Amino acid sequence: MRQNGRMAITSVRKPKANPLDFLEIDSRLSDEERLIRDNVRAYAQEKILPRVPDWFEQGTFDSRGVAREMGQLEVLGMHLSGYGCAGASAVSYGLTCMELEAVDSGLRSLVSVQGSLAMFAIWQYGSDEQKERWLPGMASGELIGCFGLTEADAGSDPAAMRTRARRDGDDWVINGSKLWITNGSVADVAVIWAQTDDGIRGFLVEKETPGFSAIDIHGKLSLRASVTSELVLDDVRVPAASQLPEASSLGAPLSCLNEARFGIIFGAAGAARACFEEALSYSGEREVFDKPLSGFQLTQQKFVEMALEVNKASLLALHLGRMKDEGTLAPEHVSFGKLSNTVAAIGVARTARTILGANGVSLEYPVMRHANNLESVLTYEGTAEIHTLVVGAALTGQQAYR
Ligand code: TGC
Ligand code: FAD
């Protein structure tokens, strides 16, 4: 029926499904998990999100202040037990990463590197003295850590690292450099992985140690609200007690990566959800050709495709989280999740961006910021190609990355 030359909008059946939780994944969470998730969501959305666009535009980040806030929220190393850590479940930690990355990947990065890389390395491979010295302060956010594995010529292949530690009496002397290190210049302690005569070992290097310096990397078009640095180690002398005693091969840093990659599985789903929700809200208000953008078939197809990806990513994250809590999660499962969810998230972010038209390229909306961030997320913690090869090896029994 036409009214005033326009087609009247006929009544539509009120949908039963909640567009923001289509598959009712929330109902699969425990009350405690929901409570933790809701607390983190409220804090991140109300207190952190308003500051992110400025940081992103300036290419700065209040690492010290945000670390303290995250410490107060009890999310730093929250999946670890003792030493001031919250001892939460893997799912609760994952949901936390989801909410942090729904705000910005840089925020989740700070928490991942602190809790899953630096703190986990000390918690899993450190001496009692090292744990007492560092973990409580890192859990509270008073102390910041970074994780130095990547080098200019050894990214996907960390076994090729050139940084070397040689024994000299009761000390170790470390020479080399690390590149692309999150939290590098703000860290009080750097976990440095280096070759020794006995293979790869880990060392805790304090910020003020002579010969150690950190130089920030500028000009990033991604993760702009995150500090990324080069670390230089020029005859850095550390006592024997700075070595992580339980780390005896490349397997040690790679096991830390499992922890951080796990957080990214949830985090990427959070970034995707944020883009989907922004586009959904925008398209309901934006009128084109005399009706809401959301009423066009082409737009709806985009929403359906995004909803499939966001829901599948969230389900996958939850499934892998449950496996981790049960103790059945293997590294290849983590690779499967990191690969699947980062690829899905970047696709959702790009599609959501198209729905916002020109506004989509503006920092006033979060979508292109997420899309740009996700380029780093696709690359760090093992590139999409490396995780493809890990899953490929698990499927075929043949390693193809060498
Ligand atoms: P390969 O010979 O396969 O293994 C060496 C030893 O490590 C063990 N291993 C693992 N252990 C635990 N977890 C894993 N995921 C493991 N993968 C391998 C393996 O069993 C072996 O143990 P052992 O006892 O026999 O010595 O090692 P490879 O040199 O052939 O390399 C394998 C490959 C390519 C999969 C690995 O090098 C890799 O994962 N490369 C990607 C590197 C990467 O992800 N770098 C990330 C740097 S940190 C970062 O990006 C932080 S960004 C964080 C943020 O800001 O959020
Ligand atoms: P390369 O290894 O040179 O890879 C280049 C391309 O070659 C990629 O597409 C890769 O997938 C492909 N490739 C590599 N090997 C193969 C193969 N066998 N077969 C087919 N294709 C292959 N590192 C840290 O240690 N600590 C940090 O805190 C940290 N933070 C980071 C923060 C940011 C913002 C970024 C961007 C990176 C960070 N990284 C960090 C480094 C990150 O882990 C590496 O960039 C990543 O592992 C890839 O290494 P690369 O950049 O040297 O790429």
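Residues numbered from 1 in each chain as written. Chains lettered and ligands numbered in written order. Predicted model: local features only at pLDDT ≥ 70, side-chain atom pairs only at ≥ 80, totals over all residues. Heavy atoms only, no water.

Trainee: Help me out: how do you make sense of helix α6 (residues 128-140) in this one?
Mentor: Since there are 3.6 residues in each turn of an α-helix, residues three or four apart along the chain are aligned in direction. The end-to-end C-alpha distance of α6, which contains 13 residues, comes to 18 Å, matching closely the 18 Å that a straight helix rising 1.5 Å per residue would cover. The principal kink in α6, of about 30 degrees, is found at tryptophan 134, preceding the proline proline 136 by one to four residues. Taken as a whole, α6 has its buried residues at Gln130, Lys131, Trp134, Leu135, Gly137, Met138 and Ala139. The elements touched by buried residues of α6 are α3 (63-72), β4 (85-86), α5 (105-125), β5 (145-148), β8 (189-196) and β9 (199-206). Looking one or two residues past α6, glycine 141 carries a phi angle of roughly 85 degrees, positive in sign. (Helix = DSSP H or I, 4+ residues; strand = E, 2+ residues; numbered from the N terminus. Expected span 1.5 Å × (residues − 1). Bend = angle between axes of the 7 residues up to and from the residue. Buried < 20%, exposed > 50% of the residue type's maximum accessible area, 1.4 Å probe, protein only. Contact = heavy atoms within 4.5 Å.)

Trainee: Just to check I follow, could you spell out the packing of helix α4 (residues 90-103) against helix α7 (residues 251-285) for this structure?
Mentor: Contact geometry for α4 and α7: axes closest at 7 Å, N-to-C directions at 45 degrees. The angle between α4 and α7 places the two elements in the oblique class. With respect to the hand of their crossing, α4 and α7 are arranged in right-handed fashion. Taking contact as the criterion, the partners of Ala90, Val91, Tyr93, Gly94, Leu95, Cys97, Met98, Glu99, Glu101 and Ala102 in α4 are, on α7, Glu259, Phe262, Gly263, Phe266, Gly267, Ala268, Ala269, Gly270, Ala271, Arg273 and Ala274. Per-class residue counts for the contact of α4 with α7 are 13 nonpolar, 4 polar and 4 charged. (Axes fitted to C-alpha atoms, helices over the stretch in contact; angles between N-to-C directions. Parallel < 35°, antiparallel > 145°, perpendicular 65-115°, else oblique. Left-handed = near helix turned anticlockwise from the far one by under 90°. Nonpolar A, V, L, I, M, F, W, Y, C, P; charged D, E, K, R; others polar.)

Trainee: Teacher, can you tell me more about the environment of tryptophan 55 here?
Mentor: Turning to its location among the elements, tryptophan 55 is positioned in helix α2 (residues 52-58). For tryptophan 55, a relative accessible area of 10% corresponds to the buried category. Aside from chain neighbours lying at most four places away, what touches tryptophan 55 is Ile48, Thr60, Phe61, Asp62, Val66, Arg224 and Ala225.

Trainee: So what exactly am I meant to see when it comes to the site of ligand 1 here?
Mentor: For ligand 1, the set of nearby residues contains 28 residues, the closest of which are Ser109, Asn258, Arg261, Gly382 and Arg402. Contacts to ligand 1 include threonine 182, whose side-chain N or O atom sits 2.9 Å from an oxygen atom. A distance of 3.3 Å is found between an oxygen atom of ligand 1 and a side-chain nitrogen or oxygen belonging to tyrosine 380. Elements supplying a minimum of two residues to the shell around ligand 1: α5, α7 and α11 (384-396). By residue number, the principal contributor to the shell around ligand 1 is α7, which donates 6 residues. Looking at the shell around ligand 1 residue by residue, the classes come out as 12 nonpolar, 12 polar and 4 charged. (Near = heavy atom within 4 Å. Polar contact = N/O pair within 3.5 Å; in protein donor to acceptor, adjacent residues only side chain to side chain.)

Trainee: Explanation requested: the confidence of the model for the chain in the structure shown.
Mentor: Detailed conclusions should not be drawn from predicted coordinates in areas where pLDDT is low. When pLDDT is averaged across the chain, the result is 96; 97% of the residues are at 70 or more. Counting interchain partners and residues more than four positions distant, the pLDDT-below-50 stretch residues 1-9 has 6 contacts. (pLDDT = per-residue confidence, 0-100.)

Trainee: Where do I start with the nonpolar core in this structure?
Mentor: Within soluble globular proteins, side chains that are nonpolar tend to cluster in buried spots. Formed by 87 residues in total, the largest nonpolar core has its most connected members in Met70, Phe147, Ile174, Trp193 and Val205. By residue number, the principal contributor to this core is α5, which donates 11 residues. Cys275, Phe303, Val310 and Ala371 belong to the second-largest nonpolar core, a separate cluster that totals 29 residues. (Core = buried A, V, L, I, M, F, W, Y, C linked by side-chain atoms within 4.5 Å.)

Trainee: Please clarify how the site of ligand 2 should be interpreted in this entry.
Mentor: Taken together, 17 residues form the shell around ligand 2, and within it Thr150, Ser156, Trp180, Thr383 and Glu385 come nearest. A distance of 3.0 Å separates an oxygen atom of ligand 2 from a polar atom in the backbone of leucine 149. One of the backbone nitrogen or oxygen atoms of tyrosine 401 is found 3.3 Å away from a nitrogen atom of ligand 2. Summarising the interface, the protein chains cover 68% of the accessible area of ligand 2, which totals 980 Å² for the free molecule. If you list the elements that add at least two residues to the shell around ligand 2, you get β7 (171-182), α10 (367-379) and α11. Looking at the shell around ligand 2, the element that brings in the most residues is β7, giving 3 residues. A per-class count over the shell around ligand 2 returns 8 nonpolar, 7 polar and 2 charged. Formed jointly, the shell around ligand 2 draws a minimum of three residues from each of two domains, domain 2 (145-242) and domain 3 (251-396). (Areas by Shrake-Rupley, 256 points an atom, 1.4 Å probe, with all protein chains shown as cover. Domains from an automatic or database assignment.)

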